[in-house]
Protein chains: 2
Amino acid sequence: MKYIEKLRNSGLRPTKQRLKICQVLFDSEKTFHFTVNDLAKKIKIKIDSNISLATIYNTVHAFEKKGYLKQIPINSSQTYFDTNVSDHHHFYDLNNDKLIDLENSDVGPINIKKKINGKKIKSVEVLVKLED
Amino acid sequence: MKYIEKLRNSGLRPTKQRLKICQVLFDSEKTFHFTVNDLAKKIKIKIDSNISLATIYNTVHAFEKKGYLKQIPINSSQTYFDTNVSDHHHFYDLNNDKLIDLENSDVGPINIKKKINGKKIKSVEVLVKLED
DNA sequence: TTTCTACTTTATAATGATTCTAAAAAGGTG
DNA sequence: CACCTTTTTAGAATCATTATAAAGTAGAAA
Ligand SMILES: [Mn+2]
Ligand SMILES: [Mn+2]
Ligand SMILES: [Zn+2]
Ligand SMILES: [Zn+2]
C-alpha cells in the first residue's frame, strides 16, 4: 500500500484506520475541502468500516501537523480542512457554506509591506466571501 | 447620548444595555479586536453593571448585522470581532492568539481574477499568520 | 514465535462557546 | 396610564471538539 511509507516517514504507524482514512483523503483525483463530519460520512460510505470519531479527529490533526492537510481560516461552526496543501486561497460562498479554490495565479502576488518585530510570516491566505 | 441616534437609525432601540455596550466598544480612541468573553470582562470592569452574556451575544450580533462590527475569519475556539469596520486585513500571531491590523496600504491592491458565475464578491480579506 | 512496551483506537464523558427558551422587564406610542 | 412590542435575563440545551482511560495493536527484541 502506497501510504505506508508516507505514514512511516512522518513517524505515524500505518494502522488499518489511518490507511483507510488516507484512501478516502488522498486517493481521489481532485483535492477537496471537508469538515470532520463530512469525512466521517464519506468513510462510512466509501469503506464499510466503523472508525470512531475520536480516531478521525486524532488522525486529521496528525495529518495537519505533518502537512498532509491544511486548515482553512474561516468562521464557521465547524473547522474546514483542505487536502490541497499547496499555497492557495479560497472563495467562500455564504449562501451554501461551500469553499472553492483560488489558485495563486488567480490572485497575483501579495506583498506584505508591514513587518512585525521578531516574528516571521508563516502563511498568507486570502478569503473572498461570495453572495448571490 | 451620542449613540442613541446611531441605534435608532438602525432600528435598534437604545436600551441601557446597548448604550453601555456602545460605550465600551466605540468610545475608545483606537479600534480593537475582541471575543465575546473579552467584551464581557471589559464591560464588568469599565462599567459597574451586569449585562447578561445572552444580551452581549445578541447585541454583538445585531451590531455585526448593522455593520458596526466585523467578524474576523480565523480558526479559533472563539469568534473574534473587530471594531474597525473599514476594509482591512490582519496578522494573526500564533504564539499568543493576538490579532494586529494590516491596513490596505500595507498589502497593496488585490486583484481577484477568477469569477464565479452568478456570485458577487462581498469581501476580500487577507490573514497573515505569524510565528516566532 | 513469544514477549514486552509504546502507540493507537475506542466508547464515553467532559468541556466550552454559542444558541435557545420562556418569563419578567423595559421601551415606545397614543 | 394602558397597551403592545421588543429586549433582557437566567438557565437549559446544543454541538463541535477534546479528554479519559481501558482494551487492542504494531513493532522490535529476545
Ligand atoms: Mn487542529
Ligand atoms: Mn454572528
Ligand atoms: Zn483549497
Ligand atoms: Zn482589525
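Residues numbered from 1 in each chain as written. Chains lettered and ligands numbered in written order. Predicted model: local features only at pLDDT ≥ 70, side-chain atom pairs only at ≥ 80, totals over all residues. Heavy atoms only, no water.

Undergrad: Would you mind showing me how to read unusual backbone geometry here?
TA: Leaving glycine aside, a negative phi is the common case for residues, and trans is the common case for peptide bonds. Residue and element names in this part refer to chain A. One non-glycine residue, Asp 97, lies in positive phi territory at about 55°. Along the chain, the position of Asp 97 falls in the loop between strand E4 (89-93) and strand E5 (98-102). When its relative accessible area of 38% is taken as the criterion, Asp 97 is described as partly exposed. (Helix = DSSP H or I, 4+ residues; strand = E, 2+ residues; numbered from the N terminus. Buried < 20%, exposed > 50% of the residue type's maximum accessible area, 1.4 Å probe, protein only.)

Undergrad: Any chance you could explain the coordination of the zinc ion (ligand 3) here in plain terms?
TA: By definition of the ideal shapes, a tetrahedral metal site with four donors has angles of 109.5 degrees and an octahedral site with six donors has angles of 90 or 180 degrees. Residue and element names in this part refer to chain A. Here the zinc ion (ligand 3) is held by His 33 (NE2), Asp 82 (OD), His 88 (NE2), His 90 (NE2) and Asp 101 (OD), and the distances to it run 1.9 to 2.2 Å. All donors to the zinc ion (ligand 3) come from one chain, and their sequence spacing reads H-x48-D-x5-H-x1-H-x10-D. This pair shows no difference in class: His 88 is buried, exactly as His 90 is. (Donors = N, O, S within 2.8 Å, 3.2 Å for Na, K, Ca; no water.)

Undergrad: Would you take a moment to explain the protein's contact with DNA strand C for this structure?
TA: In the neighbourhood of DNA strand C, 20 residues make up the surrounding shell, with Thr 15 and Arg 18 of chain A together with Arg 8, Tyr 57 and His 61 of chain B lying closest. Near the protein, within 4 Å, the atoms of DNA strand C are sugar or phosphate in 78% of cases. One nitrogen or oxygen atom from the main chain of Ser 52 of chain A is found 3.1 Å from a phosphate oxygen belonging to DNA strand C. Looking at the surface near DNA strand C, the elements that each hand over two or more residues are helix H2 (16-26) and helix H4 (53-66) of chain A together with helix H4 (53-66) of chain B. (Near = heavy atom within 4 Å. Polar contact = N/O pair within 3.5 Å; in protein donor to acceptor, adjacent residues only side chain to side chain.)

Undergrad: In this structure, what is going on with the coordination of the zinc ion (ligand 4)? I would like to understand it.
TA: All names here are of chain B. Within the protein, the atoms that donate to the zinc ion (ligand 4) are His 33 (NE2), Asp 82 (OD), His 88 (NE2), His 90 (NE2) and Asp 101 (OD), at distances of 1.9 to 2.2 Å. Mapping the donors of the zinc ion (ligand 4) onto the primary sequence gives the spacing H-x48-D-x5-H-x1-H-x10-D. Taken together, the positions of Asp 82 in strand E3 (residues 80-82) and Asp 101 in strand E5 (residues 98-102) put the pair 19 residues apart, joining distant regions of the chain.

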